[in-house]
Every structure is written in C-alpha cells, then in structure tokens.
Amino acid sequence: QQQVRQSPQSLTVWEGETAILNCSYENSAFDYFPWYQQFPGEGPALLIAIRSVSDKKEDGRFTIFFNKREKKLSLHITDSQPGDSATYFCAASGGTNTGKLTFGDGTVLTVKP
Amino acid sequence: GPKVLQIPSHQIIDMGQMVTLNCDPVSNHLYFYWYKQILGQQMEFLVNFYNGKVMEKSKLFKDQFSVERPDGSYFTLKIQPTALEDSAVYFCASSPDWGEYEQYFGPGTRLTVL
C-alpha cells in the first residue's frame, strides 16, 4: 500500500504559468510534509515544508495548500521559470521519533520558455 | 548550503561480492539516514542511525545490510553479500535532529550488481 501518492506523474507548463502538483497520503499520524526538488544527478533538496496544524505555507513563488480532513496537499509554483524544471517529491513523516521520510513517486515538471 | 558527500558516485560489482557505500554527512549533524531508489520508482527509507545505534529500519534493510560510523568518520552502508535486486541509487541524508529538521541529501551512489 503506497502511503504517499503524487499526481500528475509529469506536468508541462509555459514560462509564467502556475504549476500545480498534487499529493495525498494515507497515514493519519503524518504531521510534517516537506517538498523536495531534485535535478538530474543530484540529491533531493528541501524546497518548502508544512506542518499539519497549518493549512497554507508560502515562500516566494512556492505555496503549499494543505487539507487535513481530506489528507491532501498541493504545491503551487507561480510564475514558473525554465529553471524550475525538475522532479518534485512530496514526503511525509510523523508517528515515529526517528524522522523517517515516506516519499511519493514524484512529479516531473517541465517549464517551456 | 550544507553539503553531504557520497563516495563513490558509481559502483559496479558482481553478485555475491561485498560493497561499502560511504557518506560524509554535514559536520554537526547527529542523525543519519540511507534511502534506496530503484530507477523509475519512489525513494524508500532503509535505516536511520543515531548515537552509534540503528533507530529504525524498514523491511528493505535486509540481514545482509549493516551501517556504522566508526569514530565520527564516514557513515557507511555495507551490503554483504550483494544480490541483483540491490541495484539502485542509494542516498545518504543527515539532519541535526529528527522530526521537522531538514534532512540534507547527498548526490547518491549508483550501485549496479551484475
């Protein structure tokens, strides 16, 4: 059973548009949700994160919207730039005292100039 | 920002051999992690390590796997013996604490078992 799901698998937007990446989860114990950005040949890098006590987290062009009741969250990237082209992973942790992250499959974002 | 280094970047070995993957975590971090990513699939947690001990491990962390960080040197993942299904990219991560503290990831070691 996959605990964290992401959609779409791939997404293409034009420069300047808003990209919306979706994530859902199964485990009610999850309470911390980081989004990681990964470029080819590199490890994932933390982009933005949200705790389950909040319903929105904003950092520049990146915003997370969180719906605890539906166990869903989304990452919005406004004014998308070609440099944003990467794979984005939704992850979750909670319920243990070890920081273990459970990752989704990732969304491959392509921003066309 | 802080960097996690992994050595080597690629490793090709024959099935049944032993392999050691090395990770140089961020210097003041206390928690260390290994994740496994098979091509085209999600990244999966293997194990985490704190104060010289395994804190939690997943079902992917088979008996053939072991981790250690002797005397503050590299944090290592050893697989002995290796199997074909161990072929994957292995990512090391470190964090100053558990929970909501950022885990910094290395660039990964691509392991190919022939």
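So, here is what we can say about the structure in this document. Because the structure is a prediction, the values reported are computed rather than measured. (Residues numbered from 1 in each chain as written. Chains lettered and ligands numbered in written order. Predicted model: local features only at pLDDT ≥ 70, side-chain atom pairs only at ≥ 80, totals over all residues. Heavy atoms only, no water.)

## Overview of the sheet that holds strand β1 (residues 4-7) of chain A
All names here are of chain A. Where we set the bar: Two strands form a pair only when DSSP identifies at least two bridges running between them. Note on conventions: DSSP H or I runs of at least 4 residues are helices, E runs of at least 2 residues are strands, and numbering of each starts at the N terminus. Helix axes use the C-alpha atoms of the stretch in contact, all axes being lines fitted to C-alpha atoms, and the angles between their N-to-C directions lie in the range 0 to 180 degrees.
Strand order in the open sheet made by the five strands is β1-β3-β8-β7-β6, with antiparallel pairing throughout. Lying at the two open borders of the sheet, with one neighbouring strand each, are β1 and β6 (56-59). Direction aside, the axes of adjacent strands within the sheet are offset by 15° on average. In terms of strand pairing, strand β3 (residues 19-25) meets strand β8 (residues 72-77) through six bridges, oriented antiparallel. Bridge pairing in β8 links C23 to L73.

## Regarding the interface of chain A and chain B
Which entries qualify depends on this criterion: The criterion used for residue contact is that any of the two residues' heavy atoms lie within 4.5 Å. In short, buried area is how much 1.4 Å probe accessible area vanishes from two parts on joining, totalled over both. Just to be clear on terms, a salt bridge is a Lys or Arg side-chain nitrogen sitting within 4 Å of an Asp or Glu carboxyl oxygen. Think of a polar contact as two N or O atoms within 3.5 Å of one another; within protein, one of them needs to be a possible hydrogen donor and the other a possible acceptor, and neighboring residues in sequence only count if both atoms come from side chains.
Chain A puts 22 residues into the contact, and the matching count from chain B is 18 residues. In total, about 1800 Å² of surface goes out of reach between chain A and chain B, with carbon and sulfur atoms giving 54% of it. Put simply, chain A and chain B have one salt bridge between them. Across the pair E56 of chain B and K100 of chain A runs a salt bridge, and its minimum N-O distance is 3.8 Å. Counting the contacts that link chain A with chain B gives four residue pairs in polar contact (both at pLDDT 80 or more). Counting residues per element, the ones that place at least two in the side of chain A that touches chain B are β4 (32-38) and β5 (45-51) of chain A.

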